[in-house]
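Chain residues, written in single-letter form:
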Amino acid sequence: MHPRLRTWFAVPAALALLAAAAGCGSENDSGSGSGGKLSMGIAVANISLNFAHEMVLGAESAADHAGNIDFKAVGPPNTDGPAEVQLFQNLTARAKDGIVLENLDPPIFTRPAARAVDQGIPIVALDTSPTDGSKVNFYVGNDNYALGELMAKEALKRLGDDPKGEIVIGVPNPGTPVLDNRAKGISDTFAKEAPNVKVLGPFQTYSDPGQNYSSWSAQVNAHPDALAFLGVGDADSYNLAKIKKAEQGTWLTAGFDVDPKTLDAVKDGSNFVTIDPQHFLKGYLSTAMLIEAVRENDGKLLDGWFLSPGGVVDKTNIDDIIARQKTAEAAYDWYKPTIDKLLGDQQAQLKPLKDAR
């Protein structure tokens, strides 16, 4: 890990303690939008992975800038849907003024989210669109299909004219719409633009870094002549780079997110890109709009899908992104023009919830 990145990314232990403490706080000092101190929070699927770190840091930044908010972050140390459900339910007992909810298993959150809404708690879905029946009608997330298309197009730039061969796609948690949509975007783009490339998968690669490494190692061994191995999660990125170095592979490798190890892999050329869903930005936007709704609109949130952007990280901007990732303050400064633009015209980013992908 870069020493300059250590401050920001040395947060899992503290966040895990928040997770453990979520259900054992004192009574809620709710402001209920009346100008008093608000009690709010965020629940994430896996407090140990980079994507969750960034969402939490963005959310905490928004709460800090808004001021006078007791804000709690919770999430299990590994991807564990039932464990997150329990943490979320504990959080509803204290964060009465609003919760941002990110998860990787939407169906099991349908009833817990609906109960929270029935209790009068405003809920914003973050990164994974809410299910029918959850009573959650506002979602902040990327166009993940488009991000998958973006990865495929970046790969095609490097494969030359009319490539022939196989590519292998991996998905950490099949059945999670965010990840499945990314994989479909990759697959569809290759089918349309490179008909002589055979797409294999998506294969399950797991979010746990150890399982992820083993899964990708098996795919590399099974398909040694593949043109590319493309993952849609953050552990995919750095594990594919590690395997490529160990095997001295000539195939293309890439994944998503901006874990420090992933940025190292882009910097040294092991991975040709990483696709950045800009999780800090989403965490900030979702929390800022939740606070605004409570303080200025009696807790009534927008209805629909608020589209948050993403981008490509490659050798042309890697140093800029590494600098952005140095601290949460640096990230906020980098994102501030985008934050101001998106929050300044929220209707421009709003799309029907049914169109979320």
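Residue positions are given per chain, counted from 1 along the sequence in the order it is written. In keeping with the predicted nature of the model, local features appear solely for residues at pLDDT of at least 70, side-chain atom pairs appear and are counted solely at 80 or more, and the whole-chain, interface and lining totals rest on all residues. To obtain the side-chain values, all non-hydrogen atoms of the structure were used and water was disregarded.

Peer 1: Describe in detail the pairing of strand β6 (residues 165-171), supporting the description with residues and values.
Peer 2: For every residue, the accessible area (1.4 Å probe, protein chains only) is compared with the maximum for its type, and the residue is labelled buried under 20%, exposed over 50%, or partly exposed between those bounds. In DSSP terms, a helix is any run of H or I states spanning at least four residues, a strand is any run of E spanning at least two, and both are numbered starting from the N terminus. Buried residues dominate β6, accounting for five of its seven residues. Direction of pairing for β6 relative to strand β7 (residues 197-204): parallel, over a ladder of six bridges. Each bridged residue has a counterpart across the sheet, and for G165 the counterpart in β7 is V197. The definition of a right-handed crossover adopted here requires that, viewed with the strands pointing away, the path from the first strand over the helix to the second runs clockwise. Of the crossover connections in this fold, the one passing from β6 over helix α7 (residues 177-193) to the parallel β7 is right-handed. Two strands form a pair only when DSSP identifies at least two bridges running between them.

Peer 1: Let's hear about the sheet that holds strand β10 (residues 274-276): which residues, and what values?
Peer 2: The six strands are arranged β7-β6-β8-β9-β10-β12 in an open sheet whose pairing can be described as mixed. The sheet terminates laterally at β7 and β12 (311-313), the two strands that pair on one side only. If you compare each strand with its neighbour and ignore which way they point, the axes differ by 20° on average. Strands in contact with helix α8 (residues 209-222) are β6, β7 and β8 (228-231); relative to β8, the strand with the most contacts, it is inclined by about 155°. Axes here refer to lines fitted to C-alpha atoms; in helices the fit is confined to the stretch in contact. Angles between the N-to-C directions go from 0 to 180 degrees. A contact between two residues is defined here by any heavy atoms of the two lying within 4.5 Å.

Peer 1: So, the environment of L343: which residues are in play, and what are the values?
Peer 2: Structurally, L343 is set in helix α13 (residues 328-344). C-alpha of L343 to C-alpha of G255: the two residues are 88 residues apart in sequence and 29 Å apart in space. Excluding residues that lie within four positions of it along the chain, L343 makes contacts with L285, A288 and M289.

Peer 1: Now, about the packing of helix α6 (residues 144-159) against α7: what can you tell me, with residues and values included?
Peer 2: Their axes nearest at 7 Å, the elements α6 and α7 cross at an angle of 40°. The angle between α6 and α7 places the two elements in the oblique class. Both α6 and α7 take part in a crossing whose hand is right-handed. Contacts between α6 and α7 involve N144, Y145, G148, E149, M151, A152, K153, A155, L156 and L159 from the former and V178, N181, R182, K184, G185, I186, D188, T189, F190 and E193 from the latter. Within the contact of α6 with α7, the residues separate by chemical class into nine nonpolar, five polar and six charged. Orientation categories follow fixed angle ranges, with anything under 35 degrees roughly parallel, anything over 145 roughly antiparallel, 65 to 115 roughly perpendicular, and all other angles oblique. For a crossing to be left-handed, the near helix must be turned anticlockwise from the far one by less than a right angle; the clockwise case is right-handed. When residues are grouped by polarity, Ala, Val, Leu, Ile, Met, Phe, Trp, Tyr, Cys and Pro land in nonpolar, Asp, Glu, Lys and Arg in charged, and all others, Gly among them, in polar.

Peer 1: Outline unusual backbone geometry, listing residues and values.
Peer 2: The omega torsion of the bond from G201 to P202 falls at 15°, within 30 degrees of zero and hence cis. Tracing the chain through its elements places P202 in strand β7. Positive phi values are uncommon outside glycine, yet Q278 reaches one of about 55°. Topologically, Q278 is positioned in the loop between β10 and α11 (279-296). One non-glycine residue, D298, lies in positive phi territory at about 55°. Take D298: its relative accessible area is 80%, and that puts it in the exposed class.

Peer 1: Explain the sheet that holds strand β4 (residues 123-126) to me, and be specific about the residues and the numbers.
Peer 2: The seven strands are arranged β2-β1-β3-β4-β5-β11-β13 in an open sheet whose pairing can be described as mixed. Looking at the sheet topology across the chains shown, the edges are occupied by β2 (69-74) and β13 (350-351). Note: strand β1 (residues 38-43) against β2, six bridges, orientation parallel. In the sheet register, L38 faces β2, and the bridge partner there is I69.

Peer 1: Please set out the nonpolar core residue by residue, giving values where relevant.
Peer 2: Counting 44 residues, the largest nonpolar core has M40, I42 and F280 as the members making the most contacts within it. Looking at this core, the elements with two or more residues in it are β1, α3 (50-66), β2, β4, β5 (138-141), α9 (234-247), α11 and α13. We define the nonpolar core as a collection of buried residues of types Ala, Val, Leu, Ile, Met, Phe, Trp, Tyr and Cys that are connected through side-chain atoms lying within 4.5 Å of one another.

Peer 1: Give a detailed account of the packing of helix α4 (residues 81-92) against helix α5 (residues 110-118), specifying residues and quantitative values.
Peer 2: For any two helices packed against each other, one specifies the crossing angle of their axes together with the interaxial distance. One can describe the packing of α4 onto α5 by two numbers: an axis separation of 10 Å at closest approach and a directional angle of 5°. Taken together, the axes of α4 and α5 lie roughly parallel to each other. Facing α4, whose interface residues are V85, F88, Q89 and T92, α5 presents P112, A113, R115 and A116. Residue composition of the contact of α4 with α5, grouped by class: five nonpolar, two polar and one charged.

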